[in-house]
Amino acid sequence: MKLSIGGYSFNNTFLEGKMDVFGYLETVKYRYGLDTVDLYNGFFVDKSKPVWKLADEDYLVKIREALDEKGMTVVNFAIDTASLWDQDEEKRELQYQNALEHLKAAKILGAKTVRIDTGGSYSKEENGDFYEMSNEQYEHLVTRYQEYCKIGADYGFKVGPENHMGPSLNPHFLKKIAEGIDHPSFGVLLHVDRWKVDAALGDELIAPWACHIHFGGNTLAMEERATAIAKMLVGTGFDDYWAVEHNAPKNQYVEVEWTLATMKKILGNAQ
């Protein structure tokens, strides 16, 4: 089974000062027995800036050396504060420059897929922009992702959004964006069962572009539903990595053990 553990699953442990990026690698390798990781930039950035700034290249090289020493591969690198769209043009430019820096970091880390979000709101209550996508926003997203995909092709990874915020929470908009980009190095980090619009068909609609999968704890707790989603994705030919991502409020080591075991059970039933 191609399995991984989303770094964000330990975010609360990290915030408590009980884990750093190197501890995360040790945990995944020796506690859970995996050779793959989903790195989260929140574990090794300066968060005091308007956008999260990476550590210097020497520190990134140390992370890569730790990965290589353990024979581990970064199957996904999830990047926050580098989203493509923001109503504020100045912030949009800051995030663009941050994205370029993170794409260089992804090369150093040897990432196979990279998640950079579309941008936009998380909820309708903020401004409802996952129900609407202006032509300006659409053109900007397509142009920027095409640029990032060309970089990804040179560096050896796929790049694209998670269905996480803004128009990516609407599978019809995300499909339109993907079709507009039309690049072999574009891929979606599909977080199953997380849509704000047409949730029943969202996963299947976006499956053709899925290059990495996240199952959250809420979905895994509904084994029948989770198994049906996994069977559908297997049926579409998905053959990349399945990751669990569940940032439990406490007992995160045990919670991750549960999600990983449940994911294995579900995939066993889905094959």
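Everything here concerns the structure above.
Fair warning: this is a prediction, and the values are worked out from it, not measured in the lab.

**Q** Tell me about the pattern of salt bridges, and please be specific about residues and values.
**A** Summed over the entire model, instances satisfying the criterion amount to 16 salt bridges. Between Asp 117 and Arg 115 there is a salt bridge; the shortest N-O distance is 3.1 Å. One exposure class covers both Asp 117 and Arg 115, and it is buried. When salt bridges with common partners are traced through the structure, they connect Asp 80, Arg 115, Asp 117, Glu 162 and Arg 194 into a single cluster.

**Q** Tell me about the packing of aromatic side chains, and please be specific about residues and values.
**A** This model, assessed by the stated rule, comprises 16 aromatic pairs. Taking 5.6 Å as the distance between ring centres and 50 degrees as the angle between the ring planes, the aromatic pair formed by Phe 10 and Tyr 253 counts as tilted. Of this pair, Phe 10 sits in the loop between strand S1 (3–5) and helix H1 (11–15) while Tyr 253 sits in helix H10 (residues 252–270), and the two are 243 residues apart along the sequence. Each ring, one from Phe 44 and one from Phe 77, has its centre 6.0 Å from the other, and the planes form 15 degrees; the classification is stacked. Separated by 33 residues along the polypeptide, Phe 44 in the loop between strand S2 (36–40) and strand S3 (45–46) and Phe 77 in strand S5 (residues 73–79) bring together distant segments of the chain. Among the aromatic residues, those joined into a cluster by ring pairs are Tyr 8, Phe 10, Phe 14, Tyr 24, Tyr 32, Tyr 40, Phe 43, Trp 52 and Tyr 253. The lysine or arginine in question, Lys 47, covers the ring of Trp 52, its NZ or CZ lying 4.6 Å from the ring centre.

**Q** Go over the nonpolar core, please, and point to the residues and values.
**A** Counting residues in hydrophobic clusters, the biggest one holds 79 residues, and the most contacted among them are Leu 39, Phe 77, Val 114, Ile 116, Phe 215, Leu 233 and Trp 242. Considering each element in turn, this core owes the most residues, seven residues, to helix H5 (residues 135–155).

**Q** Describe in detail the sheet that holds S5, supporting the description with residues and values.
**A** In space, the four strands of this open sheet follow the order S2-S5-S6-S7, with parallel pairing throughout. On the outer flanks of this sheet lie S2 and strand S7 (158–160), each paired with one strand and no other. Direction aside, neighbouring strands of the sheet carry axes that sit 15 degrees apart on average. Of the pairings in the sheet, the one linking S5 to strand S6 (residues 113–116) comprises three bridges and is parallel in character.

**Q** An account of H5 is needed here, citing residue identities and associated values.
**A** Here H5 contains 21 residues, and its C-alpha end-to-end distance of 30 Å stays within 8% of the 30 Å for a straight helix at 1.5 Å per residue. Gln 137, Tyr 138, His 140, Leu 141, Val 142, Arg 144, Tyr 145, Tyr 148, Cys 149, Ile 151 and Gly 152 are the residues of H5 that are buried. Considering only its buried residues, H5 is in contact with helix H4 (89–109), S6, S7 and helix H6 (171–181). Of the residues trailing H5, Gly 156 is marked for its positive phi of about 95 degrees.

**Q** Help me get a handle on the packing of helix H9 (residues 223–235) against H10, residues and values and all.
**A** Between two packed helices, what matters for the description is the angle formed by their axes and the separation of those axes. Where H9 contacts H10, the axes come no closer than 8 Å and their chain directions differ by 55 degrees. Taken as axis vectors, H9 and H10 run oblique relative to one another. With respect to the hand of their crossing, H9 and H10 are arranged in right-handed fashion. Along the contact surface, H9 presents Glu 223, Ala 226, Thr 227, Ala 230, Lys 231 and Val 234, while H10 presents Thr 262, Lys 265, Ile 266, Leu 267, Asn 269 and Ala 270. Per-class residue counts for the contact of H9 with H10 are six nonpolar, three polar and three charged.

**Q** A description of the pairing of S2 should follow, citing residues and the corresponding values.
**A** The element S2 is extensively covered by neighbouring structure, given that five of its five residues are classed as buried. The side-chain alternation of S2 yields two buried faces, one formed by Thr 36, Asp 38 and Tyr 40 and the other by Val 37 and Leu 39. In this structure, S2 lies alongside S5, joined through five bridges in parallel fashion. The residue bridging Thr 36 from the neighbouring strand is Thr 73, located in S5.

**Q** Break down the side chain of His 102 for me, citing the residues and quoting the values.
**A** On the secondary structure map, His 102 appears in helix H4. Since its relative accessible area comes to 0%, His 102 is described here as buried. Among the polar contacts listed, one links the side chain of His 102 to the side chain of Asn 41, at a separation of 3.1 Å.

**Q** Tell me about the sheet that holds strand S8 (residues 188–191), residues and numbers included.
**A** In space, the four strands of this open sheet follow the order S1-S10-S9-S8, with parallel pairing throughout. Pairing within the sheet leaves two strands with one partner each, and these edge strands are S1 and S8. Averaged over all neighbouring strand pairs, the angle between strand axes comes to 30 degrees, with direction disregarded. Each of S8, strand S9 (210–216) and strand S10 (241–245) is contacted by H9, which is oriented at about 175 degrees to S9, the strand it contacts most.

**Q** Give a detailed account of unusual backbone geometry, specifying residues and quantitative values.
**A** Positive phi outside glycine occurs at Asp 193, with the angle close to 65 degrees. In this structure, Asp 193 sits in the loop between S8 and helix H7 (199–206). Assessed through its relative accessible area of 23%, Asp 193 is described here as partly exposed. The phi dihedral of Asp 198 falls on the positive side, at around 45 degrees, and the residue is not glycine. Mapped onto the secondary structure, Asp 198 falls in the loop between S8 and H7.

Scoring rules and cut-offs
- Throughout, a residue's number is its position along its own chain's written sequence, starting from 1.
- Residues qualify for local features only when their pLDDT is at least 70, as the model is predicted, and side-chain atom pairs are given and counted only at 80 or more; totals for whole chains, interfaces and linings, by contrast, use all residues.
- Only hydrogens and water are set aside; all other atoms, that is, all heavy atoms of the structure, feed into the side-chain values.
- Every case where a carboxyl oxygen of Asp or Glu lies within 4 Å of a side-chain nitrogen of Lys or Arg is listed as a salt bridge.
- The buried label applies to any residue whose accessible area, calculated with a 1.4 Å probe on protein chains only, is under 20% of its type's maximum; exposed applies above 50%, and partly exposed to all values in between.
- Aromatic pairing here means that ring centres of Phe, Tyr or Trp (its six-membered ring) are within 6.5 Å. Orientation follows from the plane angle: under 30 degrees is stacked, over 60 is edge-to-face, and everything else is tilted.
- Comment: elements are numbered from the N terminus, with helices defined as DSSP H or I runs of at least four residues and strands as E runs of at least two.
- Definition used: whenever NZ (Lys) or CZ (Arg) falls within 6 Å of the ring centre and also within 35 degrees of the ring normal, the charge is taken to sit over that ring.
- For the purposes of this section, nonpolar cores are sets of buried Ala, Val, Leu, Ile, Met, Phe, Trp, Tyr and Cys residues that join through side-chain atoms within 4.5 Å.
- If DSSP finds at least two bridges between two strands, the strands pair.
- In this description, a line fitted to the C-alpha atoms serves as the axis of each element, helices being fitted only across the stretch in contact, and the angle between N-to-C directions of two axes falls anywhere from 0 to 180 degrees.
- To estimate the expected span of a helix, subtract one from its residue number and multiply by 1.5 Å.
- By the convention used here, residues are in contact when the closest approach between their heavy atoms is within 4.5 Å.
- Between 65 and 115 degrees an angle is taken as roughly perpendicular, under 35 as roughly parallel, over 145 as roughly antiparallel, and anywhere else as oblique.
- Should the near helix be turned counterclockwise from the far one by less than a right angle, the crossing is left-handed, whereas a clockwise turn marks it as right-handed.
- Polar here means any residue other than Ala, Val, Leu, Ile, Met, Phe, Trp, Tyr, Cys and Pro, which are nonpolar, and Asp, Glu, Lys and Arg, which are charged; Gly is therefore polar.
- N or O atoms closer than or at 3.5 Å make up a polar contact, with two conditions inside protein: a donor-capable atom paired with an acceptor-capable one, and, for residues adjacent in sequence, both atoms drawn from side chains.

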